[in-house]
Amino acid sequence: GVADALKNFFRTMKILVKKEKVVKRFSKDEIDSIVIELENYILFKLYDKLYPTKLSKDDIRFYKKCCRLHFIKPNNLITDKNIVNEKLWNISMDYLNEINSKYTPADKIKSISKAFAILQNSITFCSGKKELGVDDTIKPLIYILIKAKPTNIFTIYNYCQLFLNGDLAKKEFGILLTQIYLIMKIIKDMKYNELIGISEQQFGKDEDI
(Lines give C-alpha, C1' and ligand atoms only; values in the text may rest on other atoms or scores of the structure.)
Protein backbone atom coordinates (compact mmCIF):
# COMPACT_ATOMS: atom_id res chain seq x y z
CA GLY A 1 0.00 0.00 0.00
CA VAL A 2 3.01 2.34 0.16
CA ALA A 3 2.85 3.20 -3.56
CA ASP A 4 -0.86 4.10 -3.34
CA ALA A 5 -0.28 6.16 -0.19
CA LEU A 6 2.51 8.10 -1.89
CA LYS A 7 0.42 8.71 -5.00
CA ASN A 8 -2.40 10.08 -2.83
CA PHE A 9 0.09 12.29 -1.00
CA PHE A 10 1.52 13.61 -4.27
CA ARG A 11 -1.97 14.34 -5.61
CA THR A 12 -2.75 16.36 -2.47
CA MET A 13 0.62 18.11 -2.72
CA LYS A 14 -0.11 19.12 -6.32
CA ILE A 15 -3.47 20.64 -5.32
CA LEU A 16 -1.83 22.59 -2.48
CA VAL A 17 1.03 23.82 -4.69
CA LYS A 18 -1.47 25.17 -7.23
CA LYS A 19 -3.20 27.15 -4.48
CA GLU A 20 -0.02 28.98 -3.48
CA LYS A 21 0.06 32.63 -4.59
CA VAL A 22 3.73 32.40 -5.55
CA VAL A 23 2.97 29.99 -8.42
CA LYS A 24 0.25 32.13 -10.00
CA ARG A 25 2.83 33.71 -12.32
CA PHE A 26 3.86 30.31 -13.70
CA SER A 27 2.27 28.47 -16.62
CA LYS A 28 0.59 25.08 -16.21
CA ASP A 29 3.62 23.29 -17.67
CA GLU A 30 5.95 25.13 -15.29
CA ILE A 31 3.78 24.22 -12.29
CA ASP A 32 3.72 20.58 -13.42
CA SER A 33 7.54 20.66 -13.64
CA ILE A 34 7.75 22.10 -10.11
CA VAL A 35 5.49 19.33 -8.78
CA ILE A 36 7.55 16.65 -10.55
CA GLU A 37 10.77 18.06 -9.07
CA LEU A 38 9.19 18.06 -5.60
CA GLU A 39 8.15 14.43 -6.08
CA ASN A 40 11.64 13.60 -7.31
CA TYR A 41 13.20 15.17 -4.21
CA ILE A 42 10.87 13.27 -1.85
CA LEU A 43 11.52 9.96 -3.65
CA PHE A 44 15.26 10.65 -3.50
CA LYS A 45 15.02 11.07 0.28
CA LEU A 46 12.89 7.92 0.65
CA TYR A 47 15.03 5.77 -1.66
CA ASP A 48 16.62 3.59 1.02
CA LYS A 49 13.17 2.89 2.48
CA LEU A 50 11.44 2.14 -0.84
CA TYR A 51 14.03 0.37 -2.96
CA PRO A 52 14.52 -3.37 -2.21
CA THR A 53 17.99 -4.32 -1.04
CA LYS A 54 17.51 -8.01 -1.82
CA LEU A 55 17.65 -9.25 -5.42
CA SER A 56 14.57 -11.04 -6.72
CA LYS A 57 14.73 -14.50 -8.29
CA ASP A 58 13.97 -12.90 -11.68
CA ASP A 59 16.92 -10.51 -11.17
CA ILE A 60 19.29 -13.39 -10.46
CA ARG A 61 18.05 -15.55 -13.34
CA PHE A 62 18.30 -12.65 -15.78
CA TYR A 63 21.79 -11.63 -14.63
CA LYS A 64 23.07 -15.21 -14.88
CA LYS A 65 21.63 -15.57 -18.38
CA CYS A 66 23.30 -12.33 -19.50
CA CYS A 67 26.61 -13.49 -18.03
CA ARG A 68 26.23 -16.82 -19.83
CA LEU A 69 25.51 -15.10 -23.15
CA HIS A 70 28.06 -12.32 -22.73
CA PHE A 71 30.30 -13.98 -25.35
CA ILE A 72 27.89 -13.24 -28.23
CA LYS A 73 28.80 -10.81 -31.00
CA PRO A 74 26.47 -8.50 -32.95
CA ASN A 75 26.40 -10.97 -35.86
CA ASN A 76 24.83 -13.59 -33.57
CA LEU A 77 21.71 -11.40 -33.42
CA ILE A 78 21.86 -8.91 -36.27
CA THR A 79 22.01 -9.77 -39.97
CA ASP A 80 22.56 -6.21 -41.22
CA LYS A 81 26.25 -5.48 -40.54
CA ASN A 82 25.84 -1.90 -41.76
CA ILE A 83 23.94 -0.80 -38.66
CA VAL A 84 26.57 -2.02 -36.19
CA ASN A 85 28.76 0.55 -34.44
CA GLU A 86 30.21 -1.16 -31.38
CA LYS A 87 32.01 1.96 -30.15
CA LEU A 88 28.74 3.90 -29.80
CA TRP A 89 26.91 0.81 -28.55
CA ASN A 90 29.45 0.56 -25.72
CA ILE A 91 28.50 4.10 -24.69
CA SER A 92 24.86 2.99 -24.61
CA MET A 93 25.86 0.14 -22.29
CA ASP A 94 27.67 2.61 -20.02
CA TYR A 95 24.42 4.56 -19.58
CA LEU A 96 22.55 1.36 -18.78
CA ASN A 97 25.18 0.57 -16.16
CA GLU A 98 24.60 3.97 -14.54
CA ILE A 99 21.03 3.06 -13.56
CA ASN A 100 22.02 1.83 -10.09
CA SER A 101 23.63 5.17 -9.29
CA LYS A 102 20.30 6.95 -9.87
CA TYR A 103 17.79 7.10 -7.03
CA THR A 104 14.42 8.10 -8.46
CA PRO A 105 12.24 6.41 -11.09
CA ALA A 106 12.53 9.44 -13.39
CA ASP A 107 16.34 9.52 -13.15
CA LYS A 108 16.65 5.78 -13.72
CA ILE A 109 14.45 6.01 -16.82
CA LYS A 110 16.48 8.99 -18.07
CA SER A 111 19.56 6.72 -18.09
CA ILE A 112 17.63 4.17 -20.15
CA SER A 113 16.45 6.96 -22.45
CA LYS A 114 20.02 8.17 -23.06
CA ALA A 115 21.19 4.63 -23.77
CA PHE A 116 18.39 4.02 -26.24
CA ALA A 117 18.81 7.42 -27.91
CA ILE A 118 22.53 6.88 -28.55
CA LEU A 119 21.84 3.45 -30.00
CA GLN A 120 19.03 4.71 -32.24
CA ASN A 121 21.07 7.69 -33.44
CA SER A 122 23.91 5.32 -34.25
CA ILE A 123 21.61 3.06 -36.29
CA THR A 124 20.11 6.08 -38.10
CA PHE A 125 23.57 7.37 -38.98
CA CYS A 126 24.95 4.01 -40.09
CA SER A 127 21.87 2.87 -42.01
CA GLY A 128 20.97 6.19 -43.58
CA LYS A 129 17.32 5.67 -42.69
CA LYS A 130 15.37 8.76 -41.68
CA GLU A 131 12.84 6.82 -39.61
CA LEU A 132 13.46 3.62 -37.67
CA GLY A 133 10.87 0.95 -37.00
CA VAL A 134 10.71 -1.60 -34.20
CA ASP A 135 12.41 -4.20 -36.42
CA ASP A 136 15.41 -1.88 -36.89
CA THR A 137 16.06 -1.36 -33.18
CA ILE A 138 14.76 -4.34 -31.22
CA LYS A 139 17.71 -6.70 -31.78
CA PRO A 140 20.39 -4.05 -31.13
CA LEU A 141 18.52 -3.17 -27.90
CA ILE A 142 18.47 -6.85 -26.91
CA TYR A 143 22.20 -7.01 -27.63
CA ILE A 144 23.20 -4.03 -25.49
CA LEU A 145 21.04 -5.18 -22.56
CA ILE A 146 22.64 -8.63 -22.61
CA LYS A 147 26.13 -7.11 -22.82
CA ALA A 148 25.39 -4.60 -20.02
CA LYS A 149 24.60 -7.52 -17.66
CA PRO A 150 22.29 -5.60 -15.28
CA THR A 151 22.26 -7.20 -11.83
CA ASN A 152 18.75 -6.14 -10.82
CA ILE A 153 16.76 -5.16 -13.90
CA PHE A 154 13.43 -6.59 -12.70
CA THR A 155 13.69 -4.75 -9.38
CA ILE A 156 14.49 -1.53 -11.26
CA TYR A 157 11.50 -2.03 -13.56
CA ASN A 158 9.11 -2.77 -10.68
CA TYR A 159 10.37 0.21 -8.67
CA CYS A 160 9.86 2.56 -11.62
CA GLN A 161 6.47 1.06 -12.41
CA LEU A 162 5.28 1.59 -8.83
CA PHE A 163 6.62 5.07 -8.10
CA LEU A 164 6.92 6.91 -11.43
CA ASN A 165 4.90 10.13 -11.62
CA GLY A 166 1.50 9.43 -13.21
CA ASP A 167 1.81 12.21 -15.81
CA LEU A 168 5.27 11.00 -16.87
CA ALA A 169 3.99 7.41 -17.06
CA LYS A 170 1.44 8.49 -19.69
CA LYS A 171 4.13 10.02 -21.89
CA GLU A 172 7.62 9.10 -23.11
CA PHE A 173 8.74 7.63 -19.78
CA GLY A 174 5.87 5.15 -19.79
CA ILE A 175 6.68 4.15 -23.37
CA LEU A 176 10.32 3.56 -22.39
CA LEU A 177 9.26 1.40 -19.45
CA THR A 178 7.07 -0.70 -21.72
CA GLN A 179 9.93 -1.01 -24.21
CA ILE A 180 12.51 -2.10 -21.65
CA TYR A 181 10.08 -4.67 -20.24
CA LEU A 182 9.51 -6.11 -23.73
CA ILE A 183 13.28 -6.50 -24.20
CA MET A 184 13.67 -8.04 -20.72
CA LYS A 185 10.97 -10.59 -21.51
CA ILE A 186 12.50 -11.50 -24.88
CA ILE A 187 15.88 -12.15 -23.23
CA LYS A 188 14.31 -14.01 -20.31
CA ASP A 189 12.45 -16.38 -22.67
CA MET A 190 15.19 -16.57 -25.33
CA LYS A 191 16.12 -19.99 -26.76
CA TYR A 192 19.32 -20.95 -28.55
CA ASN A 193 17.68 -21.09 -31.99
CA GLU A 194 16.83 -17.38 -31.76
CA LEU A 195 20.53 -16.59 -32.11
CA ILE A 196 22.58 -16.96 -35.29
CA GLY A 197 25.36 -19.54 -35.31
CA ILE A 198 24.99 -20.51 -31.64
CA SER A 199 24.57 -24.18 -30.70
CA GLU A 200 22.37 -25.43 -27.89
CA GLN A 201 25.51 -26.43 -25.98
CA GLN A 202 27.02 -22.94 -26.33
CA PHE A 203 23.75 -21.35 -25.28
CA GLY A 204 23.52 -23.39 -22.08
CA LYS A 205 20.52 -23.80 -19.81
CA ASP A 206 18.61 -21.42 -17.56
CA GLU A 207 19.07 -22.21 -13.88
CA ASP A 208 16.32 -22.72 -11.35
CA ILE A 209 16.76 -20.29 -8.45
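Let me begin by describing the structure that accompanies this report.

With respect to helix α1 (residues 2-19)
End to end, α1 covers 26 Å across 18 residues, agreeing with the expected 26 Å (1.5 Å per residue, within 8%). Listed in full, the buried residues belonging to α1 are Ala3, Leu6, Phe10, Met13 and Val17. Taken end-on, α1 shows its buried residues confined to a sector of 80 degrees, consistent with a single buried face. Of the residues in α1, the exposed ones pointing more than 90 degrees away from the buried face are Asp4, Arg11 and Lys19. Residues of α1 that are buried make contact with α2 (28-50) and α7 (153-163).

Some remarks on the pattern of salt bridges
Counting across every chain of the model gives ten salt bridges. The shortest N-O distance in the salt bridge between aspartate 206 and lysine 65 comes to 3.3 Å. Residue aspartate 206 is located in the segment after α10 (200-203), and its partner lysine 65 is located in helix α3 (residues 57-68); the two are separated by 141 residues in the primary sequence. Residue class for lysine 65 comes out buried when judged on its relative accessible area of 3%. Of the charged contacts, one joins arginine 68 and aspartate 206 as a salt bridge, the two residues approaching to 3.1 Å between their closest N and O atoms. In this pair, arginine 68 is assigned in helix α3 and aspartate 206 in the segment after α10, connecting sequence segments 138 residues apart.

Focus on the packing of aromatic side chains
Under the defined criterion, the tally for this structure stands at ten aromatic pairs. Relative to tyrosine 103, the ring of phenylalanine 44 has its centre 5.6 Å away and its plane inclined at 80 degrees; by these criteria the two rings are edge-to-face. Placement of phenylalanine 44 in helix α2 and of tyrosine 103 in the loop between α4 (86-97) and α5 (105-127) is noted, with a sequence separation of 59 residues between them. On the basis of relative accessible area, tyrosine 103 is assigned to the partly exposed category, the value being 37%.

What counts, and at which threshold
Residues numbered from 1 in each chain as written. Predicted model: local features only at pLDDT ≥ 70, side-chain atom pairs only at ≥ 80, totals over all residues. Heavy atoms only, no water. Helix = DSSP H or I, 4+ residues; strand = E, 2+ residues; numbered from the N terminus. Expected span 1.5 Å × (residues − 1). Buried < 20%, exposed > 50% of the residue type's maximum accessible area, 1.4 Å probe, protein only. Arc of directions from axis to C-beta. Contact = heavy atoms within 4.5 Å. Salt bridge = Lys/Arg side-chain N within 4 Å of Asp/Glu carboxyl O. Phe/Tyr/Trp six-rings, centres within 6.5 Å; stacked < 30°, edge-to-face > 60°.

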